[in-house]
Structure formats: structure tokens, C-alpha cells
Amino acid sequence: MITSFGIVWDWAFTIKMLPLLIKGAGMTVTLTAFAITFGTIVGLIIAFLKIIKNPVLNYLGGLYTWVFRGIPLLVQLFIIHYALPVATGINFEPFVSAVIGISLCGGAYIAEIIRAGIQSVDKGQMEAALSLGMSYSQAMRKIIIPQTYRRLIPPMGNEFITLLKDTALVSTITMVELLRTAQIYAASHFKPFEMFITAGLIYLMLTTFFTVIFGKLENKLAQSE
Amino acid sequence: MIKVENVNKSFGTLEVLKGVNLTVAPGEVVVVIGPSGSGKSTLLRCMNYLEKINCGRIYIDGKLIGLREINGRLLEAPAREVYKMRADIGMVFQRFNLFPHMTVLENLIEAPVLVRKISKQEAAERALKLLEKVGLSDKANSYPAHLSGGQQQRVAIARALAMEPKIMLFDEPTSALDPELVGEVLAVMKDLAKEGMTMVVVTHEMGFAKEVADRVIFMDEGKIMEEGIPSQIFTNPKHPRTREFLSKIL
Ligand SMILES: Nc1ncnc2c1ncn2[C@@H]1O[C@H](COP(=O)(O)OP(=O)(O)OP(=O)(O)O)[C@@H](O)[C@H]1O
Ligand SMILES: [Mg+2]
């Protein structure tokens, strides 16, 4: 392939490097899986703090989202990986820093998604449940939360795709994932064109995969309602 | 059965109930009428403590609701006690508020199983009897979204009855219905009244009030302006505000 600037796409090089890029993509997927798991756990906890009837916990929940949504993820990663070790003396592996950083930040967004989902349930539902003698927590568990599942799928799907793309940022804390792999070989072989475009296409395939899965899930839940 | 004593309720600076006094005897059917914003819904909601009152007392079946009197001082009752009291008071809402993610049958058995701790099977048996009573036996496995408004409201009444309440509160149960569906809901309520249920009904259905009510209460601006037996209120209202209101809606 020849571009208008006379650059020749080096197929042989691309194919030779493909296994390395796929290995990097494997790490990207692993990171994403960890980030989704821990991010969702963090999100559930923070959402719980925000909706429970307790002003102190509400405040803590609000403080959390304020901080973690207000500071760029890249800066959070630098703080966790480079700044905190100076103060605490604890050095994390890049992988650990990466998972902590993405999960904490993603958790703040997931908490907001869950809170919004719960608040989107009609107020009359809680009143009806309470008027039947259910406790607040019974009403939440049996009546309110089950009604949020289907509404949560589209925004959660979006958030998971964002988390996947955000894993590219951890290349800056020496975590070798897809982007970092591409970067290394682009530099060492002077092939940025092949490496970055191929990496981009692999990201696109991964995010498309998510989109399709979540679309299917949404359809399935829509039918059962 | 219900005793409302000097109850005041404000939302911020807006005083919605201004010293309401009301007693409802066991088996009595009381219909509450009054213009929009007069505090009818708020009064009902205070009776099962969906709204906290600012001052005054409400007794249900001799027990103070939401509050606790210790050495002459009033303290907030623990949430657990409030939940327990609500289980004995059924409430039917204007907008039905059925649980959309559950079938009709599940709507009816959820609270009895969760709150009364009876077995699923027993709850289901009772639920089917109640559905028969409201004429919806064939809808047990339907979802609320597939029912007409009138059917949904009848399910909502059955759901409240499934808790075997001592009192039923109705907040404009037919206002959200198409006119041709009002009758079927009122019929269920009439049956309930005949069986001796204690009922407080906010409604604009004057026909129902005339036929079923033991007493009619006219509320305006957060106060009970007038009360009496239906024939007196409808034919010979004493208060000019009652007269004005009735002339508008009759
Ligand atoms: N949660 C709330 N917060 C603030 N104001 C409220 C709240 N609930 C009710 N109000 C106000 O209290 C007043 C009385 O309301 P309420 O619903 O009791 O009237 P109502 O007699 O039931 O009227 P309607 O016939 O329209 O149902 C209204 O002015 C209403 O705006
Ligand atoms: Mg009302």
C-alpha cells in the first residue's frame, strides 16, 4: 500500500509484529477485566454511600466522586505510581498501579450511573413498597434495584468501553499493554505508521465486541420484561 | 380506629395541614373531598407516616404512629415500629404503583412473604382468592403493563388487601382512569365497605360518596371545614366554601 506521501505500508513487518501486538492486546483485555470488576465493586459501594439515608455517608460518597471525577485519570495514575511511593515508601508494580487507578476512577463514574438508575425509578414505587410494610432496605432490594437492571445496561456498556480505552493511558506508567507495545516497536523500527494504525484497529475490534455484547444483553432483557 | 389530633404539616414554609382533627370509627367509611391543594393527599400520607407530621398526634388502633411517648415527651419511633404499623394500613394510590417487574401474582405475594413471613404457597393461595374477589383470576400471570387502568387499580387494591390490613386508605383511586373504567374499581370498593372495612377515601366521585360514605369531610386550605353525613353535606352544606366547591363539581 502506498500513500500519497510515498510511504509504503510494510506488510511483512506488520505480520511479523502482529503476535506481539496481540499479546499487548491480551494485557489490555486483562487490565480491562480487572478494572471492570474492581470499578464495579467500588461503584456499588460509592452508590450505596450516596443513596443510604445518612448525611455523613452521603457526604463521603459525594466527596469521592468529586475528587475522582475531577482529576484527570492520567494525573491520578502518576500520583498512584510516582507520587505516593515517595510518601509511603510502597512501590506498586505498574500492573497494580494501573488496576488501582482505573478502578478508583471508573468506580466514581459507575457510582453515578447506578445512583441515576435508582433515582430514575418512579417515587411511587418506594411509597407503594413502604405502604405495604416493607422496610426501606427490603423495598430497595426487592422493588427498586431490580427495576434498574435494564436501564443500567446501556450506560454501563458505555462505561466499560471507556475503561477499555482508558487502559491506553497506563502505557505512561511503563505498563506494557497494547499501546505501549506499539510504541516500543514503532520507535525501534521507525514504523509508527504500521504500528499505531494496527493498534488502533485492534482497539476498534475490542470496543466493537463490547458494543455487540451489550446490545445483545439489552435485547435479551427487553424481551423478558 | 383512626384518631387524628391537631395535626400540623408543613413543607418548608408552606403550611399544608393546619390543625386537623378527625376520628374514624371501626368499619366506618369516610370520604374526603376538597379542592386541589387543600391537603387531602397529605392527610392520608400522614396517616401511614409516609410524611412526618410537624405537630399533633395520629393514633391508629389506639397506637401512636411514628412517635413514641416517654414520660410525656414525644420522641421519634424507631423505623421498625413504623414499618410494622404500615403493614396494617393498606394504601391505594392514584397512579396504581404496581411493581412493573413482577406478575400480578408476584405483586400480591411479595409483601406478605417478606413482611408477614408466611409461606409462598399460603400467600399464593390467598392472592388467588383476592384476585377472584376483584374479578381478575385470569390475570394472575400477566404483567401490569398488559392490564387496563381499571384492572391495574383492582390489582393494587388486592395487593393492599393481601396484607390483611385493618384500615384502607384510598387517594383518588379513580382519577387516573378512563370514565368507562371507573365503575369496576368503585364496585370493588363498595364490596369492601359492605364487608365492614374501615376506609378513608379521597375522591371526586360524589355518587360513590352518597352511596357508600358514612361521613363526608370537606377540606379546604389545610383544614376540615365541614363534616357530616352525605345527605346533609350534599343537599344542605353549611359552610359557604363547601357550597362553592360542590356547585363547581356537581
Ligand atoms: N413533598 C412535597 N413537597 C412540597 N410541597 C408539597 C409536597 N407534597 C404536597 N405539597 C404541597 O402541599 C399542598 C397540598 O398538597 P396535597 O397533595 O395534600 O393536596 P390535595 O388536596 O391532595 O390536592 P389534589 O386534589 O391536587 O391531589 C399543595 O400545595 C402541594 O403543592
Ligand atoms: Mg391529592
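Below you will find a few notes about this structure. (Residues numbered from 1 in each chain as written. Chains lettered and ligands numbered in written order. Predicted model: local features only at pLDDT ≥ 70, side-chain atom pairs only at ≥ 80, totals over all residues. Heavy atoms only, no water.)

**Some words on the nonpolar core**
Right, on to step 1. B:Val4 and B:Met47 are the most contacted members of the largest nonpolar core, which totals 98 residues.
Right, on to step 2. The dominant element in this core, judged by the number of residues it contributes, is helix α1 (residues 11-51) of chain A, at twelve residues.
Right, on to step 3. If we ignore the near neighbours within four places in the chain, the residues touching B:Met47 are B:Ile2, B:Val4, B:Leu22, B:Ile58, B:Ile60, B:Ile65, B:Ile89, B:Leu169 and B:Val200.
Right, on to step 4. If you look at the next biggest cluster of nonpolar residues, it comprises 52 residues, including B:Ala123, B:Val134, B:Leu181 and B:Ala193. (Core = buried A, V, L, I, M, F, W, Y, C linked by side-chain atoms within 4.5 Å. Buried < 20%, exposed > 50% of the residue type's maximum accessible area, 1.4 Å probe, protein only. Helix = DSSP H or I, 4+ residues; strand = E, 2+ residues; numbered from the N terminus. Contact = heavy atoms within 4.5 Å.)

**Quick word on the interface of chain B and chain A**
Right, on to step 1. Taken together, the 24 residues of chain B in the interface contact 18 residues of chain A.
Right, on to step 2. Taken over both partners, the interface formed by chain B and chain A buries close to 1,800 Å², and the fraction arising from carbon and sulfur atoms is 63%.
Right, on to step 3. Of all residues in chain B, B:Tyr83, B:Phe99 and B:His101 give up the largest surface area on contact with chain A, accounting jointly for 29% of the area buried on that side.
Right, on to step 4. Joining chain B to chain A, the criterion identifies two salt bridges.
Right, on to step 5. The residue B:Arg45 makes a salt bridge to A:Glu127 at a minimum N-O spacing of 2.8 Å.
Right, on to step 6. Where chain B meets chain A, there are six residue pairs in polar contact (both at pLDDT 80 or more).
Right, on to step 7. For the side of chain B that touches chain A, the secondary-structure elements that each account for two or more residues are α2 (79-87), β8 (89-92), α3 (104-116) and α5 (149-161) of chain B.
Right, on to step 8. With four residues, the top contributor of residues to the side of chain B that touches chain A is α3(B).
Right, on to step 9. Classifying every residue of the side of chain B that touches chain A gives 15 nonpolar, three polar and six charged. (Buried area = accessible area lost by both parts, 1.4 Å probe. Salt bridge = Lys/Arg side-chain N within 4 Å of Asp/Glu carboxyl O. Polar contact = N/O pair within 3.5 Å; in protein donor to acceptor, adjacent residues only side chain to side chain. Nonpolar A, V, L, I, M, F, W, Y, C, P; charged D, E, K, R; others polar.)

**Overview of the packing of aromatic side chains**
Residues and elements named next belong to chain A.
Right, on to step 1. All chains considered together, the criterion is met by nine aromatic pairs over all chains.
Right, on to step 2. A centroid spacing of 5.3 Å and a plane angle of 90 degrees characterise the contact between Phe 34 and Phe 95, whose relative ring orientation is edge-to-face. One end of the pair, Phe 34, is in helix α1; the other, Phe 95, is in helix α4 (residues 94-119), and 61 residues separate them in sequence.
Right, on to step 3. With a relative accessible area of 35%, Phe 34 lands in the partly exposed category.
Right, on to step 4. Taken together, a centroid distance of 4.4 Å and an interplanar angle of 25 degrees make the contact between Tyr 64 and Phe 68 stacked. In this pair, Tyr 64 and Phe 68 are both assigned in helix α2 (residues 55-70), four residues apart and thus about one turn of the helix distant.
Right, on to step 5. With relative accessibility at 15%, the residue Tyr 64 sits in the buried group. (Phe/Tyr/Trp six-rings, centres within 6.5 Å; stacked < 30°, edge-to-face > 60°.)

**A closer look at the packing of α1(A) against helix α7 (residues 149-166) of chain A**
Residue and element names in this part refer to chain A.
Right, on to step 1. Look at α1 against α7: their axes get within 9 Å of each other, and the N-to-C directions meet at 135 degrees. By the angle between their axes, α1 is oblique relative to α7. When the axes of α1 and α7 are compared, the crossing they make is right-handed. Packed against α1, whose contacting residues are Thr 28, Thr 32, Ala 35, Ile 36 and Thr 40, the element α7 presents Met 156, Phe 160, Leu 163 and Leu 164 at the interface.
Right, on to step 2. Split by residue class, the contact of α1 with α7 holds six nonpolar, three polar and no charged. (Axes fitted to C-alpha atoms, helices over the stretch in contact; angles between N-to-C directions. Parallel < 35°, antiparallel > 145°, perpendicular 65-115°, else oblique. Left-handed = near helix turned anticlockwise from the far one by under 90°.)

**Considerations on unusual backbone geometry**
Residues and elements named next belong to chain B.
Right, on to step 1. Not every positive phi belongs to a glycine, and Asp 61 is a case in point at roughly 55 degrees.
Right, on to step 2. Mapping Asp 61 onto the fold places it in the loop between β4 (55-60) and β5 (63-64).
Right, on to step 3. Phi is positive for Asn 97, close to 55 degrees, though the residue is something other than glycine.
Right, on to step 4. Here Asn 97 is to be found in the loop between β8 and α3.

**Regarding the sheet that holds strand β2 (residues 14-24) of chain B**
All names here are of chain B.
Right, on to step 1. On the basis of which strands lie adjacent, the open sheet formed by four strands has the order β2-β1-β4-β5 and antiparallel pairing. Two strands close off the open sheet at either side, each with one partner strand: β2 and β5.
Right, on to step 2. Summarising the sheet, β4 and β5 pair through two bridges and their orientation is antiparallel. Among the inter-strand pairings, Tyr 59 is bridged to a residue of β5, identified as Leu 64.
Right, on to step 3. Along the sheet, helix α1 (residues 40-47) makes contact with β1 (2-11), β2 and β4, crossing β2 at roughly 60 degrees. (Pairing = 2+ DSSP bridges.)

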